[in-house]
Amino acid sequence: MSDSTTLPETQGNLTLPDAWDYRGCPAERSKTGGWTAAAMILGGEACERLTTLGIAVNLVNYLTGTMHLGNATSANTVTNFLGTSFILCLLGGFVADTFLGRYLTIAIFATIQATGVTVLTISTIVPSLRPPKCTDGTVLPCITSSGKQLTVLYIALYLTALGTGGLKSGVSGFGSDQFDDSDKQERKQMANFFNWFFFFISIGSLAAVTVLVYIEDNLGRQWGYGICVCAIVLGLIVFLSGTRRYRFKKLVGSPLTLIAGVFVAAWKKRNMELPTDLTLLYNVDDIDDGKKKKKKQELPHSNQFRFLDKAAIKDPKTEGGKTAIVNKWSLSTLTDVEEVKMIIRMLPIWATTVMFWTIYAQMTTFSVSQATTMNRHIGKSFQIPPASLTAFFVGSILLTVPVYDRIIVPVARNLLNNPQGLTPLQRIGVGLVFSIFSMVAAALTEVKRMNAARAHGLTGNPKAEIPLSVFWLVPQFFFVGSGEAFMYIGQLDFFLRECPKGMKTMSTGLFLSTLSLGFFVSSLLVSLVHKVTGDRKPWFANNINQGKLYDFYWLLALLSALNLVVYLFCANWYVYKDKRLAEEGIELVEVETCVH
């Protein structure tokens, strides 16, 4: 009897109940997962960041200088490329959670990304895929790219964006799968994994905006993009080599399906009357499938968005109050409805963070165009590549994180009586304030740059070097970088904390969608301003020295200030989930139940 009772405990210590190895057997703790597996996944993410940023941060110069596109068109191409990369993370997450799992999703989309970067590299090598060079003696406007050349370019960029979206959506989740959250030691390792995850992202970014950009500007695009191909292929090989070490989790289904199901069920029953007695609505206690399963604990009913409660109205045909088989598009539990309400309550915060990433987008477009015209020399022989100014942006992120952790958090603990320092919403607010500072600094710097161009009679020559140090651009990069350190971590903390427990993938998707929408809003604003200002007094002239870029920066500063006011109102209205549930005397947990 003693042996029979201790055997399951021994097996439990050797294997994990909710993870499997590559053969489909229960994963052995000592032979799978841990730092060995996580390191291979981190290597893949570093290569992805190096590749994506290595293309995006210097792309505006390639489009204007080599493909001969206008400043506005080039800026929109870059922001649309980055926006698509982030919005496709939602598609990648849906595919991973519903069909392929994270491992296959990462492998397949990394291959797609490698294909896209390969096509892009080929387009920089084959002369017929680029317009003729525009020499200094050219009088007429340079020959712009043909439809065929742009088609190949866009195919390459959006294949890369598709691969990036699918790869990025699964890396952090698959990495966390390598650690057992129920084990105290591995839970600490998981926390360290996310720290290293952010570190590897920053290292990949720093290498992209320094080494890779220098190679692209001095040795040629084909060399820089060729290195990107080698990097992503190497990352894929390293990732696949860890197959025998990985832990795999069951497909859980996409939370998008649950949300859609609640809305569809509520719409189908829109003409039905809501019962006054909540016990008449379908809930988790009504589920009876005869199997042992994880069941969500009931959430307190809220009176907001009551039209969604109709999704939980029981079908009159249901007998005995128990439902064995339920059509999720016709009937949802009241707890599922409350989880969807949680998502809806987060949407005002979600919407007011988009503006920060619209500001962020300018650092990879117009700020790089500004740097191209300024004095970038250090000494007599070395010249900083224009896109490498974003190194100050990445550096400010790496500087702000330890300053916040070591200085701001202890001070905030004493002043605000909050153990974690600033709350997630407060951190987001600080990030929004920094974004306003960055646009004010950018506008003032652009005014100074234009005055210098006029004083030296250089407004008619877009390729002339204005005798003004490029380091005047550092403040705008610094403010956006420091703002991202607050915004990125604040948003991630907010969405992970406030999303329902079963929607962690959705929380990451919500966060990344704000980045995507920020880039798309930037494209929309540029298109509208370019159309309104026209060709007579354009803000975005093809010759940047004849435009009014400073007015665009002032416009963004004004919009950011108005957005901050709206955000403060929304943040004051929002009640944290833990506080709301504590007021109801409920602790949100998942309990294991066995139904007989």
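Just so you know, these numbers come straight off a predicted model, no measurement behind them. (Residues numbered from 1 in each chain as written. Predicted model: local features only at pLDDT ≥ 70, side-chain atom pairs only at ≥ 80, totals over all residues. Heavy atoms only, no water.)

With that settled, consider the nonpolar core. The biggest cluster of nonpolar side chains holds 133 residues, and the ones touching the most others in it are Leu-425, Phe-494 and Phe-552. Counting residues per element, this core draws most heavily on helix 4 (residues 71–125), at 14 residues. Sequence-distant contacts of Phe-494, defined by excluding residues within four places in its chain, comprise Met-346, Ile-349, Pro-424, Leu-425, Ile-428, Tyr-574 and Tyr-576. (Core = buried A, V, L, I, M, F, W, Y, C linked by side-chain atoms within 4.5 Å. Buried < 20%, exposed > 50% of the residue type's maximum accessible area, 1.4 Å probe, protein only. Helix = DSSP H or I, 4+ residues; strand = E, 2+ residues; numbered from the N terminus. Contact = heavy atoms within 4.5 Å.)

Overall, the predicted model of the protein chain reaches an average pLDDT of 82, with 88% of residues at or above 70. When the elements of the protein chain are averaged for pLDDT, strand 8 (residues 590–594) gives the smallest value, 35, and helix 16 (residues 549–573) the largest, 94. Contacts for the low-pLDDT stretch residues 290–294, under 50 throughout, to residues beyond four places or in other chains number 10 contacts. Across residues 588–596 the pLDDT falls below 50, and counting only partners more than four positions away or on other chains, this stretch makes 22 contacts in the model. (pLDDT = per-residue confidence, 0-100.)

Tracing the backbone shows Ser-469 in strand 7 (residues 466–469). When its relative accessible area of 29% is taken as the criterion, Ser-469 is described as partly exposed. It is 9.8 Å that separates the C-alpha atoms of Ser-469 and Ile-378, two residues lying 91 residues apart in sequence. Contact partners of Ser-469, with chain neighbours within four places excluded, come to Met-374 and Asn-375.

The next subject is the side chain of Thr-333. Inspection of the secondary structure assignment puts Thr-333 in the loop between strand 3 (292–296) and helix 9 (334–352). One polar contact links the side chain of Thr-333 to the main-chain amide nitrogen of Asp-336, over a distance of 3.0 Å. (Polar contact = N/O pair within 3.5 Å; in protein donor to acceptor, adjacent residues only side chain to side chain.)

Quick look at the environment of Phe-477 now. Relative to the helices and strands, Phe-477 is located in helix 14 (residues 474–498). The buried category is assigned to Phe-477, whose relative accessible area is 1%. Sequence separation between Phe-477 and Ala-442 is 35 residues; the distance between their C-alpha atoms is 8.8 Å. Setting aside residues up to four positions removed in sequence, Phe-477 forms contacts with Met-363, Ser-367, Leu-389, Thr-390, Phe-392, Phe-393 and Ser-396.

Phi at His-68 takes a positive value of approximately 60 degrees, unusual for a residue other than glycine. Tracing the sequence through the fold places His-68 in the loop between helix 3 (59–65) and helix 4.

There is a patch of nonpolar side chains on the surface, built from Leu-399, Val-403, Ile-407, Val-411, Leu-415, Leu-416 and Phe-478 and spanning about 630 Å² of accessible area. With six residues, helix 12 (residues 390–416) is the single largest residue contributor to the nonpolar patch. With respect to the element layout, Phe-478 can be found in helix 14. (Patch = residues over 30% accessible without salt bridge, like charges linked within 9 Å, V, L, I, M, F, W, Y side chains within 5 Å. Areas by Shrake-Rupley, 256 points an atom, 1.4 Å probe, with all protein chains shown as cover. Salt bridge = Lys/Arg side-chain N within 4 Å of Asp/Glu carboxyl O.)

This part is about the pairing of strand 1 (residues 15–20). Where strand 1 meets strand 2 (residues 26–28), two bridges bridge the pair, whose relative direction is antiparallel. Following the sheet pairing, Thr-15 is matched in strand 2 by Glu-28. Connecting the antiparallel pair strand 1 and strand 2 is a turn made up of five residues, with Gly-24 showing a positive phi of about 90 degrees. (Pairing = 2+ DSSP bridges.)

Here we take up the pattern of salt bridges. Counted by the stated rule, this structure contains 10 salt bridges. In this structure, Asp-309 and Arg-306 form a salt bridge, with 3.5 Å as the shortest nitrogen-oxygen distance. Residue classification places Asp-309 among the buried residues on the basis of a relative accessible area of 0%. Given the relative accessible area of 34%, Arg-306 is considered partly exposed. Bridged by salt links that share partners, the residues Arg-306, Asp-309, Glu-338 and Lys-341 form one connected network.

Let us now look at the packing of aromatic side chains. This structure, assessed with the given rule, holds 30 aromatic pairs. An angle of 65 degrees between the planes, with centres 5.8 Å apart, marks the rings of Phe-478 and Phe-479 as edge-to-face. With relative accessibility at 33%, the residue Phe-478 sits in the partly exposed group. An aromatic cluster of three or more residues is present, and its members are Phe-86, Phe-356, Trp-357, Tyr-360 and Phe-519. Over the aromatic face of Trp-267 sits the side chain of Arg-270, whose NZ or CZ is 4.0 Å from the ring centroid. Over the aromatic face of Trp-472 sits the side chain of Lys-448, whose NZ or CZ is 4.6 Å from the ring centroid. (Phe/Tyr/Trp six-rings, centres within 6.5 Å; stacked < 30°, edge-to-face > 60°. Lys NZ or Arg CZ within 6 Å of the ring centre and 35° of its normal.)

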